[in-house]
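# Tertiary structure, described
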Amino acid sequence: MSGKTIFIIILTALLTAFLFLNSDEVAFNFIVVDGVFVSKLLVIGICVIIGFIIGFIVGRPKKTVSSYDNEIERNQPVSTKKELSDEDRDYIS
């Protein structure tokens, strides 16, 4: 196993142990409702999941659209002479 895999397993085990050690109910004040009894396990678990989702959304690379090809084509000087001579065209055909 790689070091990254071992680190993820240990981190997951520590997080699971932390959640199960904090399973007692506490009074939790929501924005609308006051004094609702909710398990700490549920509150911490939801906060961890929301944190992972936000971290994933913020941390992923942005899609970049390159317009350099259009700029290169616009800035090319217009050639007035032919690219290939008639002899070259006959040879290729």
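Because the structure is predicted, anything quoted here is derived from the model rather than measured.

Turning our attention to the overall build of the protein chain. Looking only at helices and strands, one finds four helices and two strands in the protein chain. Beginning at the N terminus, the succession of helices and strands in the protein chain can be written as α-β-β-α-α-α. Taken across its 93 residues, the protein chain has 6% of its residues classed as buried. Of all intrachain contacts in the protein chain linking residues separated by at least 6 positions in sequence, the fraction that spans at least 24 positions is 12%. Total accessible area computed for the protein chain in this model is approximately 9,000 Å², and 65% of it derives from carbon and sulfur atoms.

Turning to the packing of helix α1 (residues 3–21) against helix α2 (residues 40–59), a few remarks are in order. Relative orientation of the contacting elements α1 and α2 amounts to 145°, with a least axis distance of 8 Å. Handedness of the α1/α2 crossing: right-handed. Residue-level inspection shows L15, F18, L19 and F20 of α1 in contact with α2, the latter providing L41, I44, G45 and V48. Here the contact of α1 with α2 is built from residues that sort into seven nonpolar, one polar and no charged.

Parameters at a glance
- The residue numbering used here restarts from 1 in each chain and proceeds along that chain's sequence as written.
- Local features in this predicted model are restricted to residues of pLDDT 70 or higher, and side-chain atom pairs are both shown and tallied only at a pLDDT of 80 or more, whereas totals for entire chains, interfaces and linings draw on every residue.
- Side-chain calculation: all heavy atoms of the structure are included, whereas hydrogens and water are not.
- Only runs of H or I of at least four residues qualify as helices and only runs of E of at least two qualify as strands under DSSP, and these elements are numbered from the N terminus.
- Classification of residues uses two cut-offs on accessible area relative to the type maximum, computed with a 1.4 Å probe and protein chains only: under 20% is buried, over 50% is exposed, and between them is partly exposed.
- Any two residues whose heavy atoms approach within 4.5 Å at even a single point are treated as in contact.
- Accessible surface is estimated by sampling points in the Shrake-Rupley manner with a 1.4 Å probe; for residues, cover comes only from the protein chains shown.
- Throughout, an axis means a line fitted to C-alpha atoms (over the contacting stretch in the case of helices), and angles, computed between N-to-C directions, take values from 0 to 180 degrees.
- In this scheme, a crossing is called left-handed if the near helix is turned counterclockwise away from the far one by less than a right angle; it is called right-handed if the turn is clockwise.
- Amino acids are sorted into nonpolar (Ala, Val, Leu, Ile, Met, Phe, Trp, Tyr, Cys and Pro), charged (Asp, Glu, Lys and Arg) and polar (every other residue, Gly among them).

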